[in-house]
Every structure is written in structure tokens, then in C-alpha cells.
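Below, each chain spelled out in residue letters.
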Amino acid sequence: MRQKIVAGNWKCNTTLQEGIELAKAVDAIVAKEGAKDVVVVLGTPFTHITKVVETVDSKRIGVAAQNCAAEAKGAFTGEVSADMVKSTGASYVILGHSERREYYGETSEILNKKVALALANGLTPIFCCGEALNIREAGTHNEYVTKQLAETIFNLSSEDFKKIVIAYEPIWAIGTGVTASSEQAQDMHANIRAAITAKFGVEIAEGTSILYGGSCNAKNAKELFANKDVDGGLIGGASLKAEDFIHIINGF
Ligand code: PEP
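Numbering of residues starts from 1 in each chain and follows the order in which that chain's sequence is written. Local features are withheld for residues below a pLDDT of 70 in this predicted model, meaning they are given only at 70 or higher, and side-chain atom pairs are given and counted only at 80 or more; totals for whole chains, interfaces and linings count all residues. Hydrogens and water are ignored here; the side-chain numbers use all heavy atoms of the structure.

Q: Any chance you could explain the pairing of strand β4 (residues 92-95) here in plain terms?
A: Every regular strand shows the same layout, with side chains that alternate between the two sheet faces. Residues Tyr92 and Ile94 of β4 are buried on one face, and the alternating residues Val93 and Leu95, pointing to the opposite face, are buried as well. DSSP calls a pair of strands paired once it identifies at least 2 bridges connecting them. Numbering of helices and strands runs from the N terminus; a helix is a DSSP stretch of H or I covering at least four residues, while a strand is a stretch of E covering at least two. Here strand β3 (residues 61-65) pairs with β4 via two bridges, running parallel. Paired with Ala64 across the two strands is Tyr92, which belongs to β4. The pairing of β4 with strand β5 (residues 124-129) spans four bridges and is parallel. Of the residues in β5, the one forming a bridge with Leu95 is Phe127. Each residue gets one of three labels from its accessible area relative to the maximum for its type: buried under 20%, exposed over 50%, partly exposed in between, using a 1.4 Å probe on protein chains only.

And the structure:
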């Protein structure tokens, strides 16, 4: 059975102190209410990871970095490598987020290097894909997303691909308050799973967790997660409030 996962992406928000308080609040509610069989992940800024790892119970909550370098080490001022991330106690890394693709020029070639380094260092990539509004309006979103995957994680061996979590995040839904409809999300997730089946076979496709991201919140999570190919969410804005985040986790 594939894992249900709800991962928060705090982006460039919270001071260290605020982040610790947020992590404490999420951990306390998860400890009290339980998260059923849902894997909970907090994607924090690099500066917060070590403290957040210390703050939460690792049996209940995993911690993710939001990026890692495309190089293993060396003269790359300001970069944080995958083995540095691993050494903080994080177990996941969000890669290929549309904000990084758009604002920092992350191409498929760069992402392939990051994914390889993440896997080599024992991190689980949460690999993002998703189309812009003009592509959705042109009706070519399925082909577009399949191509994003074909250029990147579909180049992995079956053994490595099994370690990947995919997050489908339509760019037009990220931070906009406009969510994909339940039907749009299910259609795309089924498209992604069909592409995985064609490339790696049905067993691997059925075992791959595909998360939805894009204005997922306490109100719409239940309907989105009810779809058979939606295995959870990557949550931006709504992960910054512990109560909202817990409601989303309870959306299963
Ligand atoms: C995200 O950026 O990963 C995201 C899903 O953001 P939001 O939930 O705020 O749309």
C-alpha cells in the first residue's frame, strides 16, 4: 500500500523561534489526536531543520528541506548540499518546486543532479511538477506534466524511482486561493500514475505516493483526498497555522 502523506512547505516564512513554536504546536496536536496512518512532514527553512528535528517526535513527524544544491560540495557560496541536509536529521527534500524553477532557473538538467544527490544521501525527494495557467487553458496539461517527469525522475532506475514522492502542483493554484477541482486533481493524478505504469510497471505505479498541492486548505482537503489517486497534499500557506494543518491531516 502506498503511503498517505501530508507535507507542509513553510517556504521563506517564520523566524527560527516562530518555526520552533509552530513545530511544537503541530507535534503536540498530532501526539494528542494521532495522525491515523498519515505520514506528516514539515518542510522548513534550512536554518530551522536541526531545531525542528529536535522539537518533534520523529516517530510521528518527518522534516524536509525545501531545496538542496546541485553539487556535492565545494566553492558554491550560499548553497546547502544534500549531505549537509541529511546531517541535520532531515529525511525529505522538496525538489522542483515551481517557484524554484521560475525564480531560480531550475531546469530539468539541474533537477536531475539534485535528485541524484538527494537519493545518494538517503533523502526522499518530494518531486514537484505542474503546469501554468496558459498550458491548462490550452488543454495540453497532461502532456506537459508527463514531459516534466520524462525529463527528470523517469530517468531513474526502478529501484531509485520507488524512493520518490511526487507532488502535482498546478502553478495557477499555488498561493492563489484557486484550488484544482476534485475532478481536475484526480484526472491529473491518474494521468501521472498511467505514465508511471507505462515506464515502470503497475506495481511501482501503485506504490507511488502522488500528493496534490495548490491552495489546499482545511475546507477542501477532505474532498481532494477522497480521490483514489490523490495520496495526500503538499501544503503551503495553510501549513503555517497548526490548527489548519491538522485539519488537513485529518482530511483523510
Ligand atoms: C506550495 O507552494 O507548495 C503550495 C502548495 O502553496 P499553497 O498551499 O499556499 O498554494
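Q: What is the right way to read the packing of helix α1 (residues 16-33) against helix α12 (residues 242-249) from this model?
A: Helix packing geometry: the angle between the two helix axes and the distance between the axes. Every angle, taken between N-to-C directions, lies between 0 and 180 degrees, and every axis is a line fitted to C-alpha atoms, over only the stretch in contact when it is a helix. For the pair α1 and α12, the least separation of the axes is 9 Å and the interaxial angle reads 40°. Taken together, the axes of α1 and α12 are oblique relative to one another. Handedness of the crossing formed by α1 with α12: right-handed. Contacts between α1 and α12 involve Leu22, Ala25, Val26, Ile29, Val30 and Glu33 from the former and Ala242, Glu243, Phe245, Ile246 and Ile249 from the latter. A breakdown of the residues in the contact of α1 with α12 according to their chemical character gives nine nonpolar, no polar and two charged. Each angle receives one of four descriptions, namely roughly parallel if under 35 degrees, roughly antiparallel if over 145, roughly perpendicular if within 65 to 115, and oblique otherwise. Here is the rule for handedness: rotate from the far helix to the near one, and if that takes an anticlockwise turn smaller than a right angle the crossing is left-handed, while a clockwise turn gives right-handed. Any pair of residues with heavy atoms lying within 4.5 Å of one another is described as a contacting pair. Under the grouping applied here, Gly and all other residues not named as nonpolar or charged are polar, the nonpolar ones being Ala, Val, Leu, Ile, Met, Phe, Trp, Tyr, Cys and Pro and the charged ones Asp, Glu, Lys and Arg.

Q: So what exactly am I meant to see when it comes to the nonpolar core here?
A: Burial of nonpolar side chains together is a common tendency in soluble globular proteins. If you look at the biggest cluster of nonpolar residues, it comprises 66 residues, and the most contacted ones within it are Ile153, Ile192 and Ile196. Here Ile192 is in contact with Cys129, Val145, Leu149, Ile166, Tyr168 and Ile210, once residues within four sequence places are set aside. Ala7, Ile94, Leu211 and Leu234 belong to the second-largest nonpolar core, a separate cluster that totals 12 residues. Buried Ala, Val, Leu, Ile, Met, Phe, Trp, Tyr and Cys residues that are joined via side-chain atoms within 4.5 Å together make up what is termed a nonpolar core.

Q: I would appreciate a short explanation of the environment of Ile171 in the present structure.
A: As for its placement among the helices and strands, Ile171 is situated in the loop between β6 (165-168) and α9 (182-200). Taking C-alpha positions, Ile171 is 8.8 Å from Glu99, a pair spaced 72 residues apart along the chain. Discounting chain neighbours no more than four positions away, the residues touching Ile171 are Ser98, Gly130, Glu131 and Ala132.

Q: Just to check I follow, could you spell out α12 for this structure?
A: Owing to its 3.6 residues per turn, the α-helix brings residues three or four apart onto one side. For α12, every residue scored as buried is listed here: Ala242, Phe245, Ile246, Ile248 and Ile249. Looking straight down α12, one finds that the buried residues subtend no more than 155° of arc, so they occupy a single side. In this fold, the buried residues of α12 make contact with β1 (4-9), α1, β2 (38-43), α11 (221-225) and β8 (232-235). The directions from the helix axis to the C-beta atoms are what the arc is built from.

Q: Just checking my understanding: could you explain the site of the ligand for this structure?
A: A single heavy atom is enough: if one lies within 4 Å of a molecule or strand, its residue is considered near that molecule or strand. Around the ligand there are 14 residues in total, and Lys11, His97, Glu169, Gly175 and Ser215 lie nearest to it. Here Lys11 contributes a side-chain N or O atom positioned 2.5 Å from an oxygen atom of the ligand. In the analysis that follows, any N or O atom pair within 3.5 Å is treated as a polar contact, provided that within protein one partner can donate a hydrogen and the other can accept it, and provided that, for residues neighboring in sequence, both atoms belong to side chains. Here an oxygen atom of the ligand and a backbone polar atom of Ser215 are 2.7 Å apart. Note on areas: these come from Shrake-Rupley sampling with a 1.4 Å probe, and a residue is covered only by the protein chains present in the view. Within the complex, the protein chains bury 95% of what would otherwise be the 290 Å² of accessible surface of the ligand. Classifying every residue of the shell around the ligand gives four nonpolar, eight polar and two charged.

Q: What am I meant to see in unusual backbone geometry here?
A: Only a minority of non-glycine residues have a phi that is not negative, and only a minority of peptide bonds are not trans. If you check the backbone angles, Thr14 has positive phi at about 80° while not being a glycine. By secondary structure assignment, the location of Thr14 is in the loop between β1 and α1. Judged by relative accessible area, Thr14 falls into the partly exposed class, the value being 24%.

Q: Looking at this structure, how should I read the packing of aromatic side chains?
A: Working definition: an aromatic ring pair is given by the centre-to-centre distance plus the angle between the planes. Planes of paired rings set the category: under 30 degrees apart is stacked, over 60 is edge-to-face and the rest tilted, where pairs are Phe, Tyr or Trp rings (Trp by its six-membered ring) whose centres lie within 6.5 Å. Within the structure shown, the criterion is met by five aromatic pairs. On the numbers, 4.3 Å between centres and 15° between planes, the contact of Phe161 with Phe200 is stacked. With Phe161 in helix α8 (residues 158-161) and Phe200 in helix α9, this residue pair connects regions lying 39 residues apart in the sequence. Each member of the pair, Phe161 together with Phe200, is buried. The ring centre of Tyr104 lies 4.3 Å from the NZ or CZ of Arg100, which sits over that ring. A positively charged side chain is recorded as over a ring if its NZ (Lys) or CZ (Arg) lies within 6 Å of the ring centre. The angle to the ring normal must also be within 35 degrees.

Q: What is the right way to read the environment of Arg193 from this model?
A: As for its placement among the helices and strands, Arg193 is situated in helix α9. For Arg193, a relative accessible area of 4% corresponds to the buried category. Expressed as a C-alpha distance, the spacing of Arg193 and Val52, which sit 141 residues apart in the sequence, is 33 Å. Once you skip the residues sitting within four places of it in the chain, Arg193 turns out to touch Arg2, Ala205, Glu206, Thr208, Ile210, Asp229 and Asp231.

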